[in-house]
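Summary of the model geometry
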Amino acid sequence: MLGYYLDLAVRSLRRNKILTALMIVTLALGIGASITTLTVLKLLSGDPLPEKSANLFYARVDPNPLEGYVPGQTKPDSIMSYTDAMNLMHAHRAVRQAAMALIDAKIDTQHPNDHPYFADGVMTTADFFALFNAPFQYGSGWTADDDESRATLVVIADFLNNKMFGGANSVGKTIRIDDRDFRIVGVLKHWAPQPRFYATDLGGHDYGDGDAVFMPLKTARSLDKGPQDTECYASVSDLQHLESAPCEWLGMWVQLDDSTAVANYRMFLDGYAKQQVALGRFKRSETSLLDLMSWLSDQQVVPNDAKLQTYLAFGFLLICVVNTVGLLLAKCLRRSREIGVRRALGATRRDIFTQFMVEAAIVGVAGGVLGLVLAVLGLWGVRHQPAQYASLAHLDVEMFLVTFAVALVASLIAGLLPAWRACVVAPAPQLKAA
Amino acid sequence: MEIRPIVSSLKKHRIPTLLIVLQIALACAVLCNAVFMISGRVKQMRLSNAMDEQGLVSVSLQGTDPKLIGSDTQRNLAALRSIAGVQAVSVVHTLPLTNNNWGWSFGITPDSSVTDQKNTNVTLYFVGQDFQSAMGLQLREGRYFNDSEYVDNAINNAALPNTHVVIITDALSKQLWPGQSALGKTLYSKPNYYTVVGVVADVLRPRLWTSNESKSYYNAFFPVGADDVMRNYVLRSTPADRDRVLQQAVEKLQATSPQAVVKGATFQSIRDKYYADTNSMVWILVLVCAVMLAVTAFGIVGLTSFWVGQRRRQIGIRRAVGATRADILNYFRTENFLLSSAGVVLGMVMAYGVNLYLMKQYELDRMPWYYLPFGALALWLIGQVAVSGPAMRAAAVPPVVATQPT
């Protein structure tokens, strides 16, 4: 029976080629636009570390003066001073903890004809790699002792290793950064979490390539490396000795494996803030401990433009569906006589309904296929945009399936009303009118 | 044109009527908001910048020894001056639209400290000698810095320079001392204070404030001699010489400092880069609007065509009993006008609702009322254009159709 309906539907669609083409193209445009924007949005709002994000927490305290403070409402600053970060680090209350800031690292290419260039870097503490599950290709990270002894060593990213050492094991070799020799202790495998969650408020970019070099915080500071972003909460006259300045420039992440640990750490953090208030260092006792995904939504990492584009695309899809409903309906109303004849010859309402739904589904599948082509084109267009995330825009299997789901649902919704109108046609008046 | 018969005919086709109205309403709602977003972005891209941008290039020199900055800077400036066609050279720490922002907050009373809530957030521009000619600024009041004011003025890893003079923009002057001249007044941030010696026309900040246009101009210029932050060399030439000057400047600086990272850019490319995202969003919005309006128009064409086909016999009868072609044409035009009107009324309400939601969710501004009639007018016109094809075909139906069996 279904074969018969398919045959009928194809005949009917071929009878009005222009109209059929119009319906398919309309639906395809709507689907293409919404899948393109949805793919980008999914990419931007994804979980950068799915296997660990639930256990990673971002800690904040608030050293600002009392003025403008509304208890319970004012959020703490998004970065931390050196004193606070080190106090929390040395308390060792979490399974792992790391403080970090972003730097520019001048890489000497070691080729006589090439000029040096700046690469993105992170100055951080020993736990960084284990905390974020950063995978090593060769070697490993450094130790807490290296942190304290300000060892001039560095972990480099795979792409830097490929460029400088042709991808070979470079552990133990030296690399010249900022006109100083650093010993390579580890080479990461490809690691570029999207978004680059650990850097969202440290002054870097949120999406795109990962960092090229990672060096111990105290080593970098002893070589006068400055952080990308600094915010001061009191008058300051010396920005070189940031360790003692009333300025915030570090991000602080901790790993907490279960809800008890989270509750304990929260208590510890509150206690720390209260203790600092008692000591007179703090005026506000506000603290915050957000898990990774909450932190990203708190930071509104996903660009508003990407969200607005998605709204726009779905508004457009809605218009396309309404348009298709209208065209299918007009078509079906013109076929009242044909429906009357088929009903008189014994077709039940259900038969008619199925027939029209099959017709709508064919339009939907065709629209979906064309929509997929348009989405691939659209994503190609996104990749040629100047946005940070441009190079990441690719269709994955999931979105491939979503495309057809959206196409089918859209076309079936579009077909519902016309099919219902068709099956309630009373046969007698239609036959009499002839 | 009598409206009653049209209305009663539409009443018989309730669902298609509702669908057309709904489609026009949705298109109107999306169009108004999209055009509003486009205009906001275009306005931002067109913010004026009182700087002669055309012949300006900038070369940044990073990664050299900070201890040698004093002698390096003099040598570099001399080398750049020797390039043929260069009219002015200076060194600054940042330029408008580079995203390299050094913000500070100042008050106008001696007890103001950086953390005061009522202070004004200002961008600090540290500038070297002759910056005004290199950047192409316009003096509104007072004077530029004397040569002696640059000497020995440095930042030396402090937050603020050790000078006591400042030049501010017009917008900042109006914000701090509305209705008064800023000359001779003082900016305070304990323990530093700076006396205003000049006011320049509004130059953009390195990073713009999207929510408040005039805040995008709050700049203060400080004279600084040699300092580690002064790493952007700016060169002015005629626009014709610009690209050659840029290339030669990069080569010269790279040759004198082989271990430095030297990057050159025309100011035009700095501007293009800053607005690249905004620009691409504008084009996406324009594209979506165009396609959406085309879809709506084709939808109207398709639906009206079927209507015309369905009513061929009625049209024939009307023609046979005396209606002219113009009458038939007008019938369909008026019908479309009524549908569009219903659609845009609903659409304007929806557009307003969408705007309210976006205002709440994304801190968008309130859409000015005139976007609504604009959207309505656009859809009226599109409806009329779209309906004219099928209406013409309807008018061409000969009266003899009335006598033929259907």
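Residues numbered from 1 in each chain as written. Chains lettered and ligands numbered in written order. Predicted model: local features only at pLDDT ≥ 70, side-chain atom pairs only at ≥ 80, totals over all residues. Heavy atoms only, no water.

**So, empty space enclosed by the protein**
Over the atoms, a rolled probe matching the size of one water molecule traces out where space is still vacant. Formally: Both cavities and pockets are sets of points on a 1 Å grid over the protein atoms alone; in a cavity a 1.4 Å probe fits but cannot get out, in a pocket the set is open with protein on both sides within 12 Å along at least five of seven lines, and lining residues sit with an atom within 4 Å of a point. Grid points are joined across faces, edges and corners, and a volume is the space filled by probe spheres set on the points. Each helix corresponds to a stretch of at least 4 residues labelled H or I by DSSP, and each strand to a stretch of at least 2 residues labelled E; elements are numbered beginning at the N terminus. Put simply, Ala, Val, Leu, Ile, Met, Phe, Trp, Tyr, Cys and Pro go in the nonpolar bin, Asp, Glu, Lys and Arg in the charged bin, and everything else, Gly too, in the polar bin.
If you walk through the whole model with that rule in mind, you get 6 cavities of 30 Å³ or more. Looking at the largest cavity, its volume works out to about 80 Å³. Looking at the largest cavity, the residues that line it are Ala330(A), Leu333(A), His13(B), Pro16(B), Leu303(B), Phe306(B), Trp307(B) and Gln310(B). Those elements that provide at least two residues to the lining of the largest cavity are α10 (304–334) of chain A together with α9 (276–310) of chain B. A total of 4 residues in the lining of the largest cavity trace back to one element, the largest contributor, which is α9(B). Here the residues of the lining of the largest cavity sort into 6 nonpolar, 2 polar and no charged. By volume, the second largest cavity is sized at about 50 Å³.

**As for the packing of helix α1 (residues 2–15) of chain A against helix α2 (residues 17–44) of chain A**
Residues and elements named next belong to chain A. Selection rule: Inter-axis angles, ranging from 0 to 180 degrees, are taken between N-to-C directions of lines fitted to C-alpha atoms, where helices are fitted over the stretch in contact. Should an angle fall under 35 degrees it is called roughly parallel, over 145 degrees roughly antiparallel, and 65 to 115 degrees roughly perpendicular, with every other angle called oblique. Contacts were defined at the residue level, with two residues in contact if any of their heavy atoms lie within 4.5 Å.
Relative to each other, α1 and α2 sit at 105°, their axes nearing to 5 Å. As the angle between them shows, α1 and α2 are arranged roughly perpendicular. Two secondary-structure elements touch here, α1 through Leu 13, Arg 14 and Arg 15 and α2 through Lys 17, Thr 20 and Met 23. Of the residues in the contact of α1 with α2, the class split is 2 nonpolar, 1 polar and 3 charged.

**Quick word on the environment of Trp191(A)**
Residue and element names in this part refer to chain A. As a reminder, the rule being used: Categorising residues by exposure relies on relative accessible area from a 1.4 Å probe, with only protein chains included: less than 20% of the type maximum marks a residue as buried, more than 50% marks it as exposed, and the intermediate range marks it as partly exposed.
By the element assignment, Trp 191 lies in the loop between β8 (180–188) and β9 (213–216). You can call Trp 191 buried: its relative accessible area is 10%. Taking the C-alpha atoms as reference points, Trp 191 and Asp 211, 20 residues apart in sequence, are found 8.4 Å from one another. Discounting chain neighbours no more than four positions away, the residues touching Trp 191 are Leu 49, Phe 128, Phe 132, Asn 133, Ala 134, Pro 135, Tyr 198, Gly 210 and Phe 214.

**Some thoughts on the state of the cysteines**
The criterion, for reference: We call a pair of cysteine sulfur atoms a disulfide when they lie within 2.5 Å.
Counted by the stated rule, this structure contains 1 disulfide over all chains. Between the sulfur atoms of Cys232(A) and its disulfide partner Cys247(A) the distance amounts to 2.0 Å. Because the sign of the S-S torsion sets the handedness, a value of about 90° for the bond joining Cys232(A) and Cys247(A) places this disulfide among the right-handed ones. Within this pair, whereas Cys232(A) is found in strand β10 (residues 231–232), its partner Cys247(A) is found in strand β11 (residues 247–255), the two being separated by 15 residues in sequence. Taking the relative accessible area as the measure of exposure, Cys247(A) reaches 0% and is therefore buried. Cys28(B) carries a free sulfur, and the closest cysteine sulfur to it, the one in Cys32(B), is 4.2 Å from it. A relative accessible area of 0% means that Cys28(B) is categorised as buried.

**Quick notes on the pattern of salt bridges**
Residue and element names in this part refer to chain A. Which entries qualify depends on this criterion: Salt bridge, as applied in this entry: a Lys or Arg side-chain nitrogen positioned within 4 Å of an Asp or Glu carboxyl oxygen.
Per the counting criterion, the structure on display carries 30 salt bridges over all chains. Taking the shortest distance from any N to any O, the salt bridge between Asp 62 and Arg 284 comes out at 3.1 Å. You can see Asp 62 sitting in the loop between β1 (56–61) and β2 (80–81) and its partner Arg 284 sitting in the loop between α8 (259–279) and β12 (287–291), a full 222 residues away along the chain. When sorted by exposure, Asp 62 lands in the same class as Arg 284, which is buried. Here the residues in one salt-bridge network are Arg 15, Lys 331, Arg 335, Glu 338 and Glu 359, joined through shared partners.

**Observations concerning the UniProt feature "transmembrane region" (unreviewed entry) in chain A**
All names here are of chain A. Rules: UniProt positions are given in the numbering used here, feature names are shortened, and annotations may be inferred rather than shown by experiment.
The UniProt record annotates "transmembrane region" (unreviewed entry) at residues 21–44, 311–333, 353–380 and 400–420. Overall, residues 353–380 shows 100% helix and 0% strand. The separation of its end C-alpha atoms is 40 Å. The span residues 400–420 carries 100% helix and 0% strand; its end-to-end C-alpha distance comes to 30 Å.

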